Amino acid sequence: MQLPFIRSVRDVDLRKQRVLIRADLNVPIKEGVVVSDARITASLATIKAAVDAGASVVVMSHLGRPSEGVYAEEFSLAPVAHRLGQLLSRNVPLLAQPEDCAGIGFGEVGLLENVRFLAGEKANSAELSRRLADQCDVFVMDAFGTAHRAHASTHGVAELARDACAGLLLDAELKAFQQTLRAPKKPMVAIIGGAKVSTKLEVLGSLADIADRIIVGGGIANTFIAAAGYAIGKSLYEPELLEVAKTIASRVEIPIPVDVMVGKVFDEATPAIVKAIGDVAADEMIMDIGPVTARAWADSLLDAQTIMWNGPLGVFEFDQFGEGTRILAQAIADSSAYSIAGGGDTLAAVDKYSVTNGISYISTGGGAFLELVEGKVLPAVEVLGRRSA
Ligand code: AMP
């Protein structure tokens, strides 16, 4: 993977500039209060850099999925403005319309209301892109999590603003991927879990070319286990992808578990039973790898120099089926390899098993993470590359 050269805020003089930052502040909110501010704190470095440089700073983001062009209180960024203000120890006014950016002085910060309240956002409309671009001297793209979408606030504005560059978070994300995908230190092990092969087919295909071994887990593993000829009872799997799984398994080493944890119903209270891989009964569901497999796979990470992890190895939301994910997560954290983890459920697992500190880079991207691994060029990154040339 060869990414274009992209200038970041480090390369651009922001003094007395009107700076518009696209961040990803799409955080969980309950009853008007931000429940997890991880995405806000991840965005602080760029915001602070711009304020410290003496810029007039406006941050913008989407939140949830309102019907586009219509204000709805439940999708308002007001709680985010409040939390951002606390984190920056300053007042952060919420701006209803792009034109309100004009009221933010140099050294001040404002937050534009949910960009999805603006008609034309998702269609990347030229009119909205122009309206946003007119509010700034420099557009700063820092929302890695939405960089795979060509929207007005991620793509159109980057085309039309007087200048455009990457923020520090986006820059760090792209560098972490470069390091992992372009010339990974070998051996490289990829750990790909989650529910369905179909959603990660391209990822598995491109990793088959890069990685020395792919550890598959979750529902994805079930398809590979079935493809290897074992009975999997009523486990979640994709019969139409058996041949595809066989082809992938012929291109790269994909270990099959020797034991698994099964349950009879998909339920939080279902007891977990250990079964040898050849002994899964017709009324059972595989919901995790077994203890012998978990130990062996954890040990097999010892020689890895690069580890990429996306997706849980089992139904980790139910504690009794979370051990495989916990043991592998701990092994990644303990490993001296360069490790990168990302994707929605992966971050939940990283949190649940408190392994944040042991992982070299934790990506904030879900869809963007997968698309980069697939070797795709993210639209918002492509335009920044052109503007940096
Ligand atoms: P994904 O979004 O594709 O990463 O999938 C994550 C989801 O897959 C989690 O909610 C897991 O509970 C679920 N999952 C993992 N392993 C299994 C399994 N063996 N059977 C059913 N669902 C699973």
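None of the values given here were measured: they were computed from a predicted structure. (Residues numbered from 1 in each chain as written. Predicted model: local features only at pLDDT ≥ 70, side-chain atom pairs only at ≥ 80, totals over all residues. Heavy atoms only, no water.)

Chemist: Can you lay out the overall build of the protein for me, pointing to particular residues and giving the numbers?
Modeler: Counting its secondary structure elements, the protein contains 13 helices and 16 strands. Taken over C-alpha atoms, the radius of gyration comes to 23 Å for the protein, in line with the 21 Å a tight globule of 389 residues would show. Buried positions account for 56% of the 389 residues belonging to the protein. The contacts of the protein with a sequence gap of at least 6 include a subset with a gap of at least 24, amounting to 74%. Surface exposure of the protein reaches about 15800 Å², of which carbon and sulfur atoms provide 52%. (Helix = DSSP H or I, 4+ residues; strand = E, 2+ residues; numbered from the N terminus. Rg over C-alpha atoms; globule rule 2.2 N^0.38 Å. Buried < 20%, exposed > 50% of the residue type's maximum accessible area, 1.4 Å probe, protein only. Contact = heavy atoms within 4.5 Å. Areas by Shrake-Rupley, 256 points an atom, 1.4 Å probe, with all protein chains shown as cover.)

Chemist: Tell me about the packing of helix α6 (residues 201-210) against helix α8 (residues 242-251), residues and numbers included.
Modeler: Packing of α6 against α8 brings their axes to within 9 Å, and their N-to-C directions diverge by 20°. The pairing of α6 with α8 is recorded here as roughly parallel in orientation. For α6 against α8, the interelement crossing comes out left-handed. Along the contact surface, α6 presents Leu-201, Leu-204, Gly-205, Ala-208 and Asp-209, while α8 presents Val-244, Ile-248 and Arg-251. Across the contact of α6 with α8, the residue classes tally to five nonpolar, one polar and two charged. (Axes fitted to C-alpha atoms, helices over the stretch in contact; angles between N-to-C directions. Parallel < 35°, antiparallel > 145°, perpendicular 65-115°, else oblique. Left-handed = near helix turned anticlockwise from the far one by under 90°. Nonpolar A, V, L, I, M, F, W, Y, C, P; charged D, E, K, R; others polar.)

Chemist: Provide a residue-level description of the sheet that holds strand β8 (residues 163-166), including the pertinent values.
Modeler: Overall, parallel pairing links the six strands, which are arranged β5-β6-β4-β1-β7-β8 in an open sheet. The sheet is open, and its two edges are formed by β5 (94-95) and β8, each paired on a single side. Relative to β8, strand β7 (residues 138-141) runs parallel, the two sharing four bridges. By the bridge assignment, Val-138 is partnered in β8 with Asp-163. (Pairing = 2+ DSSP bridges.)

Chemist: Let's hear about the nonpolar core: which residues, and what values?
Modeler: By size, the foremost hydrophobic cluster in this structure holds 75 residues, and its most contacted members are Phe-139, Phe-177, Leu-204, Leu-207, Ile-214, Phe-224 and Met-308. The residue makeup of this core includes at least three contributed by each of domain 1 (9-167 + 377-388) and domain 2 (186-336). In contact with Phe-139, other than residues within four places in its own chain, are Leu-20, Arg-22, Met-60, Ser-153, Thr-154, Val-157, Ala-158, Ala-161, Asp-163, Ala-164 and Cys-165. One finds Leu-14, Val-34, Leu-84 and Val-138 within the second-largest nonpolar core, a separate group that totals 30 residues. (Core = buried A, V, L, I, M, F, W, Y, C linked by side-chain atoms within 4.5 Å. Domains from an automatic or database assignment.)

Chemist: Can you break down the environment of Ser-388 residue by residue, with the values?
Modeler: In this structure, Ser-388 sits in helix α13 (residues 379-388). On a C-alpha basis, the gap between Ser-388 and Ile-286 in space is 49 Å, while along the polypeptide they are 102 residues apart. When sequence neighbours within four positions are dropped, the list of residues in contact with Ser-388 reads Phe-5, Ile-6 and Arg-7.

Chemist: Can you break down the layout of surface pockets residue by residue, with the values?
Modeler: Looking at the largest pocket, its volume works out to about 830 Å³. Lining the largest pocket are 35 residues, with Asp-24, Arg-39, Gly-344, Leu-347 and Thr-364 positioned closest to its centre. Residue assignment for the lining of the largest pocket shows that the elements contributing at least two residues are α1 (38-52), α11 (344-352) and β16 (361-362). Sorting elements by how many residues they give to the lining of the largest pocket places α11 first, with five residues. When grouped by side-chain class, the residues that make up the lining of the largest pocket number eleven nonpolar, 16 polar and eight charged. Size it by volume and the second largest pocket reaches roughly 490 Å³. In this structure, the second largest pocket is lined by 34 residues; those nearest its centre are Gly-194, Ala-195, Gly-219, Pro-312 and Gly-314. Secondary structure elements with two or more residues in the lining of the second largest pocket: α7 (218-227), β13 (285-289), α11 and α12 (367-373). Split into classes, the residues belonging to the lining of the second largest pocket amount to 17 nonpolar, 13 polar and four charged. (1 Å grid on protein atoms, 1.4 Å probe; cavity = no way out; pocket = protein on both sides within 12 Å on 5 of 7 lines; lining within 4 Å. Points joined across faces, edges and corners; volume = space filled by probe spheres on them.)

Chemist: Which residues make up the site of the ligand, and what values do they have?
Modeler: As a matter of local geometry, the ligand sits amid 15 residues, with Ala-195, Lys-200, Gly-218, Ile-286 and Glu-317 nearest to it. Within the backbone of Ala-195, one N or O atom sits 3.0 Å away from an oxygen atom of the ligand. Between a nitrogen atom of the ligand and a main-chain N or O atom of Gly-219, the distance comes to 3.5 Å. In the complex, 81% of the free accessible area of the ligand, which totals 510 Å², lies under the protein chains. The cavity where the ligand resides is the second largest pocket. Of all elements in the fold, only α7 and β13 reach the threshold of two or more residues within the shell around the ligand. Across the shell around the ligand, the residue classes tally to seven nonpolar, five polar and three charged. (Near = heavy atom within 4 Å. Polar contact = N/O pair within 3.5 Å; in protein donor to acceptor, adjacent residues only side chain to side chain. Sits in = over half its atoms within 2 Å of the grid points.)

Chemist: Give a detailed account of unusual backbone geometry, specifying residues and quantitative values.
Modeler: For the bond running from Lys-186 to Pro-187, omega is 0°, close enough to zero to count as cis. Along the polypeptide, Pro-187 turns up in the loop between α5 (168-181) and β9 (188-192). If you check the backbone angles, Lys-16 has positive phi at about 55° while not being a glycine. Here Lys-16 lies in the segment before β1 (18-22). Notably, Ser-89 is not glycine yet its phi reads approximately 55°, a positive angle. Residue placement: Ser-89 occurs in the loop between α2 (78-88) and β5. We classify Ser-89 as exposed; its relative accessible area is 67%.

Chemist: So what's going on with the side chain of Asn-222? Residues and values would help.
Modeler: Residue position: Asn-222 is located in helix α7. Not counting residues within four places of it along the chain, the set of residues in contact with Asn-222 comprises Ile-232, Ser-235, Leu-236, Tyr-237 and Ile-286.

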